[in-house]
Structures are given as structure tokens and as C-alpha cells.
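Next come the chains, spelled out residue by residue.
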Amino acid sequence: MRMQPFSNTQALDPEVLEQAMLWMVRLQSGLSSQDERIACQRWRQENTEHERAWQRLNGIGQGLRESTHALAAPDARQLLNARTQLSRRGVLRGMAGVAVLLAAGQGIRQRNLLPGVFSDYATATGERRSLTLDEGLDLKLDTRTTLDSEALADGRLLTLNSGRILMELRSSVSVRVATPEVLIEPAVGSRLMISHGLPGAFGTRVQLLRGDALIEQAQGQRFELSGGWQQAFSIDQAGPVTSLGAAASAWVQGQLLAERMPLGELLAELDRYRPGFLRCDPAIAPLPVSGAFSIDQPEASLDLLTKVLPVRVHKVLGYWANVLPA
Amino acid sequence: MLRESLHMPSPHDIGELYLQHHGWVVSLLRRKLGNRDQALDMAQDTFVRLLRSEMPSLLREPRAYLGTVANRLCIQHFRRQALERAYLNSLALMEPQHQPDEETRLLVLEALDAVGQVLDGLGSRVREIFLLSQLDGWTYPQIAEHLGLTTNVVQKAMLKAYRHCYASVYGP
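A quick note: this is a predicted structure, and the numbers were derived from the prediction, not measured.

Thresholds applied
Each chain carries its own residue numbering, running from 1 in the written order of its sequence. Written order determines the labels here, with chains lettered from A and ligands numbered from 1. Given that the model is predicted, a residue must reach a pLDDT of at least 70 before its local features are reported, and side-chain atom pairs must reach 80 or more before they are shown or counted; all residues, however, enter totals for whole chains, interfaces and linings. Here the side-chain values reflect all heavy atoms present in the structure, with hydrogen atoms and water set aside. For helices the rule is a DSSP run of H or I covering at least 4 residues; for strands it is a run of E covering at least 2, with both sets numbered from the N terminus onward. Each residue is assigned to one of three classes by its accessible area relative to the maximum for its type, calculated with a 1.4 Å probe on protein chains only: buried under 20%, partly exposed between the two thresholds, exposed over 50%. In this description, contact between two residues means that some pair of their heavy atoms is separated by no more than 4.5 Å. The term salt bridge refers to a pairing of a side-chain nitrogen on Lys or Arg with a carboxyl oxygen on Asp or Glu at a separation within 4 Å. Two N or O atoms form a polar contact when they lie within 3.5 Å of each other; inside protein one atom must be a possible hydrogen donor and the other a possible acceptor, and for residues adjacent in sequence the pair counts only when both atoms belong to side chains. Amino acids outside the nonpolar list (Ala, Val, Leu, Ile, Met, Phe, Trp, Tyr, Cys, Pro) and the charged list (Asp, Glu, Lys, Arg) are all regarded as polar, and Gly is one of them. Only strands that DSSP links by at least two bridges are regarded as paired with each other. Take the buried Ala, Val, Leu, Ile, Met, Phe, Trp, Tyr and Cys residues and link them wherever side-chain atoms come within 4.5 Å; each set so joined is a nonpolar core. Each aromatic pair joins two rings of Phe, Tyr and Trp (for Trp, the six-membered one) with centres within 6.5 Å, and gets the label stacked for planes under 30 degrees apart, edge-to-face for over 60, and tilted for any other angle.

Engineer: Describe the overall build of chain B, listing the residues and the values that go with them.
Structural biologist: A count of helices and strands for chain B gives nine helices and zero strands. Walking chain B from its N terminus toward its C terminus, one meets helices and strands in the order α-α-α-α-α-α-α-α-α. Counting only residues that meet the buried cut, chain B has 48% of its 172 residues in that class. The contacts in chain B between residues at least 6 apart in sequence include a share of 59% that link residues at least 24 apart.

Shown next, in the form of C-alpha cells:
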């Protein structure tokens, strides 16, 4: 078993693409009827090529929103306008004394700059999404997740670029999941979570809710994991196998369950579901927190924290939020 | 295969071009940038770009081609500077203790610049329409009213923007 390089640049039929754009524009206009929405849904399901075109176009809008999520929409628009409007002489004078970072030489096709645009499936901040890729293969994508999917001769290869998925394998479809650190092959009947690049976990974390999975590191070391256990992997190291608490899959229900969790960790987790930036004052980061917090309503969760802990939240423009000692 | 290899400049060709035209590119960039070190850096980038180019005209009219690449890099550079300045100006309005740290600022700028590059080439009106729809989530009638246009014009602009963005992300 080897890691397969993934390419997601297959060209689409221009006519299919044009059709997808017409559908996209019609449905986003705010003028579409229920009948049109159903007809569009039907068109997408007619053919995997249709769905692929739709997902790519959808990804462009999501990529834009993801890339600007730290800013309010009018601010992002204003900055993007400023980028092309100022005269160069004015710019040069204004930039005196400011360190300039030269972006030249870096193509825009770098996945890390706009991951959403380049992935087959992507969720925005705060979004969760269910997918059925094959009969018997169900997926749930957590917030800020990007996933590629490729049908190969020997089964389906999913590539998790960022975020977290929960997958359930109900029948004997062959599926493997690649992350930058490992390749995971779950057995039939398994239910597991895989995450990459989450706060507090190094590399890839594999969590088996049920069933078994084989995990192979890039250098060939192999591991087995069974239901009720979890393990984290870097490129060349494996963390200890630890038992998996019930709280681990609460995100699927929109919840974050904390049991004496340090406030800093809780906020880092909440930050992923909230547009903007959430900062925790280091002085209060170790405070232990217990309770159930909504990830669908991160603002309400922040309010709740101010009621149960000696902390206050200072917000700037609604987006930058600092949690400070009360 | 042979056709393609004829169209791709070899490292040897690039070496020759470098010897013959590097000084010219540096002086071109120095006039635009007004700074010798930056001009040298960007000349380097200009030649690095050539290794990935497939332009047959490169060998026929090297200076026209080198000039175009150098110009494009300059424009990207000025746009990045304009973006940084606008961002720093907006941060200056915030209280110091709430300002994002250096790393966060860089991430915000990188992401905005990447978005800007995807949109580069769109007219300002089409770009504004596309952003109002995608970032602000406005309907076409709302955008039309705001900009004093018909819904039909908004729809055409959206199609144009989608075609452009698709081509700049996935290639034409």
C-alpha cells in the first residue's frame, strides 16, 4: 500500500461547466422558485460530472468566504478594492519604514492559501455537512474541513487536507483515507473520526468509535486500532493509544462537551466554529471549565462562559473577540 | 512530445538569456521600483518564472517576454503593498491591545492577496457585484438597486465573474 499523489485538476466539459454556472447564478439570484431548485438538484444528480462542476463552483464562493473570514464582508471588499486602486507613487511613500513581504514567485495555485477552492468538498466556518459518496459510505464533515475524493481502480481514496470527518462504512466498499501523515484503511462496519491540523493534536488523530482500522505511516510503520481507542500520528511518530470518551463525537450533534477542560483549549476549539478570531488572555487560559457548549451558536457559548467564570469578552467589530479576566 | 520539448526553454536557454538580458531586466525594474535590491530580487523571480513557461515566443523575442513577466511581477508587488497599507491603516483605528498579532496579520494579508489574485483581471464593477453576492450574501435585486443597475446586468456580471474565477483557479 502506498500513498498516492492526488491530482484534482482534471478538466471539465466546458458545456457542463457553463450549464453549472447558469444554475449557480439562477439559484443565487434570490429569484429562483422551488421548482427551479428541485430541477437543479435533479440536474446535479444526473451525472457525477454535473455534481463535480457544481462543487467546484460552490468551492470558489466558499474559498472567498473562508479566505476573508477574519473580516466583516464590507471590510474585506474595501481592502480588496484598495489593493487595486492606490497609485504606486502614493503606495511607495506610504510604505516607508514598513517591512514589505514580497509575494512574487508564489503561485496562487498553492493549496494552503485557498484550500477550499481546490478541494472537492469543503465546509465553511461553522458549517457541518453530511455526504454519501458510495452506497454504504456515509461521511460527516466538521467545520473548516476540506476533502478530496477520487475513485481509483482498487477503491475510493479520500484525502483529508484539513479539519475533521466522521465516517461510517456500512457495506463492503473499499475506501482509504490519506492525510499528510498516514493512510487509514477502515474495516467494514467501522465508525471512526479522522482529523488533521486541529488545535491541541499534533498531525493526524484517528478515533475509532466502532470496528477496526489499519493505519500506515508514510515510512511504512503499521498500526491497528479498535473501537473505543484513539491515537495521534506525525510523519514519523505515533502517540500513545488512549481510550476514547463519549464527548469526542459530540460535535456531530453540535455540541462541545468539556470536563475540567482548560479554558484556553475550549476557546481554541470554539474558535474553529466562529467567524473571526478568538483570543484567550494567557492569565486565564488554565482555568478549568466543565459543561456543554453549543458550537452552532458560538456567541451564546461565549456569553455562557462569562456567567460561569470570572472572565469577560471584549469584541471588536464583532469579529475579533478577546477573552479577558473579569 | 518533441513539439512540446521544443516549446519549453531548457536550462541552457535560460542561462543564455540570463547572461544576455539580466542587466536589462534589472534596469527596467529599478526604474519601476526605485530600489536596487528589490529590482535584483524581482529580476531573479522573473527568470525563475521562465523555467515554468511554455512560451515559444520567449526565444524569438526575449525582451518583450521578459518585460511582460517583470511588469506583471511589479503590478502584483504594488497591489500587495497597497493592500498592506490599507490593512495597516484600518488596524491603526483599533486600540493597541486588541490589534491582531504579527502572525495573524500576515495570514489575513496572505489570504486577501490570494483572493485578490484570483479576481485580478475583472473590472471593478464586476468584482464588486461578485463580492456583494458571495461575501455579503445579497440577492441580485438588492445588488441591482444598490448599484443602480438592472438585475439582468447583475446576472451577466456574475456569469462573467464565475468564468473568470474558474479559469484562474483551474486553468482556462
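Engineer: Explain the pattern of salt bridges to me, and be specific about the residues and the numbers.
Structural biologist: Summed over the entire model, instances satisfying the criterion amount to 23 salt bridges over all chains. The partner of B:Arg163 in a salt bridge is A:Glu18, with the nearest N and O atoms 2.5 Å apart. Taken together, the residues B:Arg163 in helix α9 (residues 151–170) and A:Glu18 in helix α1 (residues 14–28) connect one chain to another. Classification of B:Arg163 as partly exposed rests on a relative accessible area of 37%. Judged by relative accessible area, which is 29%, A:Glu18 ranks as partly exposed. Among the ionic pairs, B:Glu128 bridges to A:Arg77, the shortest N-O distance being 2.9 Å. Remark: A:Arg77 occurs in helix α4 (residues 73–85) and B:Glu128 occurs in helix α7 (residues 124–134); the pair is interchain, linking two chains.

Engineer: Describe the interface of chain A and chain B, and please don't skip the residues or the numbers.
Structural biologist: Listed as interface residues are 61 residues of chain A and, on the opposing side, 64 residues of chain B. The tally of links from chain A across to chain B stands at five salt bridges. On inspection of chain A and its partner chain B, the count reaches 15 residue pairs in polar contact (both at pLDDT 80 or more). Elements represented by at least two residues in the side of chain A that touches chain B include exactly α1, α3 (48–67), α4, α5 (88–94), α6 (115–118), β15 (277–280), β17 (311–316) and β18 (320–325) of chain A. Counting residues per element, the side of chain A that touches chain B draws most heavily on α4(A), which supplies ten residues. Broken down by class, the residue content of the side of chain A that touches chain B amounts to 37 nonpolar, 15 polar and nine charged.

Engineer: Which residues make up the pairing of strand β6 (residues 175–178) of chain A, and what values go with them?
Structural biologist: Residue and element names in this part refer to chain A. Burial of β6 is two-sided: the residues Val-175 and Val-177 facing one way and the residues Arg-176 and Ala-178 facing the other way are all buried. Bridging between strand β5 (residues 155–169) and β6 involves four bridges; their strand directions are parallel. Of the residues in β6, the one forming a bridge with Arg-156 is Val-175. Counting the residues that bridge the hairpin from β6 to strand β7 (residues 182–186) gives three residues.

Engineer: Pulling in residues and values, what's your account of the pairing of strand β10 (residues 212–217) of chain A?
Structural biologist: Residue and element names in this part refer to chain A. Inspection of the sheet shows β7 paired to β10 by five bridges, in the antiparallel sense. Directly across from Pro-186, in β10, lies its bridge partner Ala-213. When β10 meets strand β11 (residues 222–226), the two strands line up antiparallel, connected through five bridges. Its bridge partner lying in β11, Leu-214 is registered against Glu-224.

Engineer: Mind laying out the environment of A:Ala39, listing which residues take part and the relevant values?
Structural biologist: Residues and elements named next belong to chain A. Within the secondary structure, Ala-39 sits in helix α2 (residues 34–46). Exposure remark for Ala-39: the relative accessible area of 27% places this residue in the partly exposed category. Taking the C-alpha atoms as reference points, Ala-39 and Trp-23, separated by 16 residues in sequence, lie 9.4 Å from one another.

Engineer: Please provide a residue-by-residue account of the environment of A:Glu299, values included.
Structural biologist: Structurally, A:Glu299 can be placed in helix α8 (residues 298–308). Apart from the residues within four sequence positions on either side, A:Glu299 is in contact with A:Arg274 and A:Lys315.

Engineer: Before we move on, could you go through the nonpolar core and cite the residues and values that matter?
Structural biologist: Counting residues in hydrophobic clusters, the biggest one holds 55 residues, and the most contacted among them are A:Leu57 and B:Phe130. Counting residues per element, this core draws most heavily on α9(B), at ten residues. Those residues in contact with A:Leu57 that sit more than four places away from it in its chain are A:Leu17, A:Ala20, A:Met21, A:Met24, B:Tyr162 and B:Tyr166. A:Leu147, A:Leu158, A:Val182 and A:Leu208 belong to the second-largest nonpolar core, a separate cluster that totals 24 residues.

Engineer: Describe unusual backbone geometry, with residues and values.
Structural biologist: Of all residues except glycine, most have a negative phi; of all peptide bonds, most are trans. Residues and elements named next belong to chain A. Of note in this structure, Arg-144 is not a glycine but carries a positive phi near 45 degrees. The topology assignment puts Arg-144 in the loop between β3 (137–141) and β4 (146–152). The phi dihedral of Arg-260 falls on the positive side, at around 45 degrees, and the residue is not glycine. Residue position: Arg-260 is located in strand β14 (residues 255–262). When its relative accessible area of 62% is taken as the criterion, Arg-260 is described as exposed.

Engineer: Give a description of the packing of aromatic side chains that names residues and reports values.
Structural biologist: Residue and element names in this part refer to chain B. Across all of its chains, the model carries two aromatic pairs over all chains by this definition. Relative to Tyr-162, the ring of Phe-130 has its centre 5.2 Å away and its plane inclined at 85 degrees; by these criteria the two rings are edge-to-face. Residue Phe-130 is located in helix α7, and its partner Tyr-162 is located in helix α9; the two are separated by 32 residues in the primary sequence. Of the two residues examined, Phe-130 and Tyr-162, each falls in the buried class.

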